[in-house]
Amino acid sequence: MTTLQPKAQAALLAAYHAPNHTLRRTRGGYTAPAGEPYSVRVINWLDHAYMVTLEPALFPKTVTLNARGIAHAEQLLASRTSLEKAS
């Protein structure tokens, strides 16, 4: 499993729970509906880990999780669930 920064993990999970696994660009950053905005830097971390697809590629307005990103988010949720059960 790829190690991500805590903010990147939060953005990954926000995208996982967003409709169509997509974050949209707003004035404050990339965000899910009624969610916390994430900076371009955080989105670039996910892009460099090959977990998202940027649309359009040059000046992205949306960021969508790809299969690798969805699988990583599910692993992250499973590990958090197992940690909660253990405590």
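(A) Spatial organisation of helix α3 (residues 67-86). Between its first and last C-alpha, α3 extends 29 Å over 20 residues, near the 28 Å set by a 1.5 Å rise per residue. Among the residues of α3, G69, H72, A73 and L76 are the ones counted as buried. Here the buried residues of α3 occupy an arc of 100 degrees about the axis, which is enough to place them on one side. Those residues of α3 that are exposed and angled more than 90 degrees off the buried face are A67, K85 and A86. Each element contacted by the buried residues of α3 is listed here: α1 (6-17) and β4 (62-65). The opening residue of α3, the one whose side-chain oxygen lies 3.1 Å from the backbone nitrogen of R68, is N66.

The rules behind the values
- Numbering of residues starts from 1 in each chain and follows the order in which that chain's sequence is written.
- In keeping with the predicted nature of the model, local features appear solely for residues at pLDDT of at least 70, side-chain atom pairs appear and are counted solely at 80 or more, and the whole-chain, interface and lining totals rest on all residues.
- As a rule here, side-chain values cover all heavy atoms of the structure and leave hydrogens and water aside.
- Segments assigned H or I by DSSP are reported as helices when at least four residues long, segments assigned E as strands when at least two residues long, and all are numbered from the N terminus.
- Take the number of residues in a helix, subtract one, and multiply by 1.5 Å to get its expected span.
- Categorising residues by exposure relies on relative accessible area from a 1.4 Å probe, with only protein chains included: less than 20% of the type maximum marks a residue as buried, more than 50% marks it as exposed, and the intermediate range marks it as partly exposed.
- Starting at the helix axis, one direction is taken to each C-beta atom, and the arc is that of these directions.
- We call two residues contacting when some pair of their heavy atoms lies within 4.5 Å.
- A 3.5 Å cut-off defines polar contacts: any pair of N or O atoms within that distance qualifies, except that in protein one atom must be a possible hydrogen donor and the other a possible acceptor, and neighbouring residues in sequence count only when both atoms are side-chain atoms.

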